[in-house]
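# Descriptive structure summary
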Amino acid sequence: MIFLETERLLFRSHESGDEADFVSMHTDAEVRRYVGGQAWPVEKAQSRFREQYLGRPEETYGLWATVFKEAGKYIGCCGLRAPGEELGASLGYYFARPYWGRGLATEASRAFINAAFTRLGLDRVEADVEKGNTASEHILHNFGFKYVRREEIRGRGRIINFYELARGEWQRRRGA
Ligand SMILES: CC(C)(COP(=O)(O)OP(=O)(O)OC[C@H]1O[C@@H](n2cnc3c(N)ncnc32)[C@H](O)[C@@H]1OP(=O)(O)O)[C@@H](O)C(=O)NCCC(=O)NCCS
């Protein structure tokens, strides 16, 4: 299923042909630096792909296979993780390293934020980012996300910052 499309990107369910690129992305220590801290071993990446990504998402929530349209290639996964009891959802994005620095995460984020507030009628979009992930924090800042709180992962010296973008702020910026 195709969930969204932007100028350069297409977001669809994961297919078996995506596995090699998915594995290559998650076995890259630079990609995993602020999302767990370590490259996944190949076996872990393969089993995660087969058990948690293949055929998914089926609708709406989850991380969608992200295809770079001009090359017809899987380059990452992006999406909104399911909201809890309140009306929010958490924005997530992962891109393979050769595709960093081209504004693709910004393009993807814009599309998912717009979908959250229009198509899905949510009240807010959340995001959590490990301290030090400056590129990711920069993207959230550009869209008007506000810092909410932080959590320390005990024993690992890692700090996760939580952000949120309220519908009112999103509307205000669109009108500006
Ligand atoms: C974080 C990530 C998604 C960014 O993707 P990207 O496509 O390179 O991001 P973009 O090109 O859209 O832009 C990022 C913004 O941050 C800025 N930026 C990039 N690297 C930066 C850095 N090291 N320090 C400060 N700003 C930085 C860019 O200039 C850009 O800002 P601008 O739009 O105002 O010019 C990508 O690096 C990635 O997939 N990392 C691994 C997984 C990950 O950490 N995911 C996020 C988990 S919260």
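Throughout this document, residue positions are counted from 1 along each chain, in the order its sequence is written. Reporting of local features is limited, given that this is a predicted model, to residues whose pLDDT is at least 70; pairs of side-chain atoms are given and counted only at 80 or more, and all residues count toward the totals for whole chains, interfaces and linings.

### Overview of the overall build of the chain
We count a stretch as a helix when DSSP gives it H or I for four or more residues in a row; a strand needs E for two or more, and each element gets its number in order from the N terminus. A tally of regular secondary structure across the chain gives six helices and eight strands. Starting at the N terminus and ending at the C terminus, the chain contains elements arranged as β-β-α-α-α-β-β-β-α-β-α-β-β-α. Taking 2.2 N^0.38 as the reference for a compact globule, 176 residues should give roughly 16 Å; the C-alpha atoms of the chain span a radius of gyration of 16 Å, in line with that estimate. C-alpha atoms of the chain, sized along the principal axes, occupy 45 × 40 × 35 Å. Taking all 176 residues of the chain together, 27% fall into the buried category. Contact between residues is assigned whenever the C-beta positions, reconstructed from backbone atoms, fall within 7 Å. Across the chain, contacts joining residues at least 24 apart in sequence account for 55% of those joining residues at least 6 apart. We compute the radius of gyration over the C-alpha atoms and compare it with the globule rule, which gives 2.2 Å times the number of residues raised to the power 0.38. Backbone-placed C-beta atoms define the burial measure: a residue is buried with 20 or more other C-beta atoms within 10 Å of its own, exposed with 12 or fewer, and partly exposed in between.

### With respect to the site of the ligand
Each residue gets a C-beta atom placed from its backbone. Should that atom fall within 6 Å of a molecule or strand, the residue is termed near it. The immediate surroundings of the ligand are formed by 21 residues, with Ala-105, Thr-106, Thr-134, Ala-135 and His-138 found nearest. Elements with a minimum of two residues in the shell around the ligand: strand 5 (88-95), helix 4 (104-117) and helix 5 (134-142). Here the shell around the ligand gets six residues from one element, more than from any other, and that element is helix 5. Looking at the shell around the ligand, its residues break down into twelve nonpolar, eight polar and one charged. Residues are sorted three ways: Asp, Glu, Lys and Arg are charged, Ala, Val, Leu, Ile, Met, Phe, Trp, Tyr, Cys and Pro are nonpolar, and all the rest, Gly among them, are polar.

### Here we look at the environment of Gln-38
Turning to its location among the elements, Gln-38 is positioned in the loop between helix 2 (29-32) and helix 3 (42-53). A residue is classified by how many C-beta atoms lie within 10 Å of it, and Gln-38, with 9 of them, is exposed. Between the C-alpha atoms of Gln-38 and Ile-160, which are 122 residues apart in sequence, the distance is 16 Å. Other than its neighbours up to four places away in sequence, Gln-38 contacts Ala-29 and Arg-32.

### A closer look at the packing of helix 1 (residues 19-26) against helix 3
Lines are fitted to the C-alpha atoms to define the axes, a helix being fitted only along its stretch in contact, and any angle between axes, read from their N-to-C directions, falls within 0 to 180 degrees. The contact between helix 1 and helix 3 brings their axes to 9 Å, and the two run at 130 degrees. Considering the angle they form, helix 1 stands oblique to helix 3. Once helix 1 is placed against helix 3, the crossing between them reads as right-handed. Between helix 1 and helix 3, the contacting residues are Glu-19, Phe-22, Val-23 and His-26 on the first element and Val-42, Ala-45, Gln-46, Phe-49 and Tyr-53 on the second. A per-class count over the contact of helix 1 with helix 3 returns six nonpolar, two polar and one charged. Small angles under 35 degrees read as roughly parallel and large ones over 145 as roughly antiparallel, with 65 to 115 read as roughly perpendicular and the rest as oblique. Working rule for handedness: look at the near helix, and if it is turned counterclockwise from the far one by less than a right angle, call the crossing left-handed; if clockwise, right-handed.

### Digging into the environment of Gln-52
Its location among the elements puts Gln-52 in helix 3. Sequence separation between Gln-52 and Gly-88 is 36 residues, and the spatial gap between their C-alpha atoms is 22 Å.

### Regarding the nonpolar core
Note on definitions: a nonpolar core is a set of buried residues drawn from Ala, Val, Leu, Ile, Met, Phe, Trp, Tyr and Cys, linked by C-beta atoms within 7 Å. In this structure, Trp-64, Cys-78, Phe-112, Ile-113, Val-125 and Ala-127 are the most contacted members of the largest nonpolar core, which totals 35 residues. For this core, the element with the most residues is helix 4, which contributes six residues.

### Considerations on the sheet that holds strand 6 (residues 124-130)
Pairs of strands are assigned from DSSP output, requiring at least two bridges between the strands. Sheet architecture is open: eight strands sit in the order 1-2-3-4-5-6-8-7, paired in mixed fashion. A strand with exactly one partner marks an edge of an open sheet, and here the two such strands are strand 1 (2-5) and strand 7 (146-153). Averaged over all pairs of adjacent strands, the angle between strand axes in this sheet comes to 25 degrees, irrespective of strand direction. As paired strands, strand 7 and strand 8 (residues 158-166) are joined by seven bridges and run antiparallel to one another. Following the sheet pairing, Glu-152 is matched in strand 8 by Ile-159. Packing of helix 6 (residues 167-175) onto the sheet brings it into contact with strand 6 and strand 8, and relative to strand 8 it is tilted by some 65 degrees.

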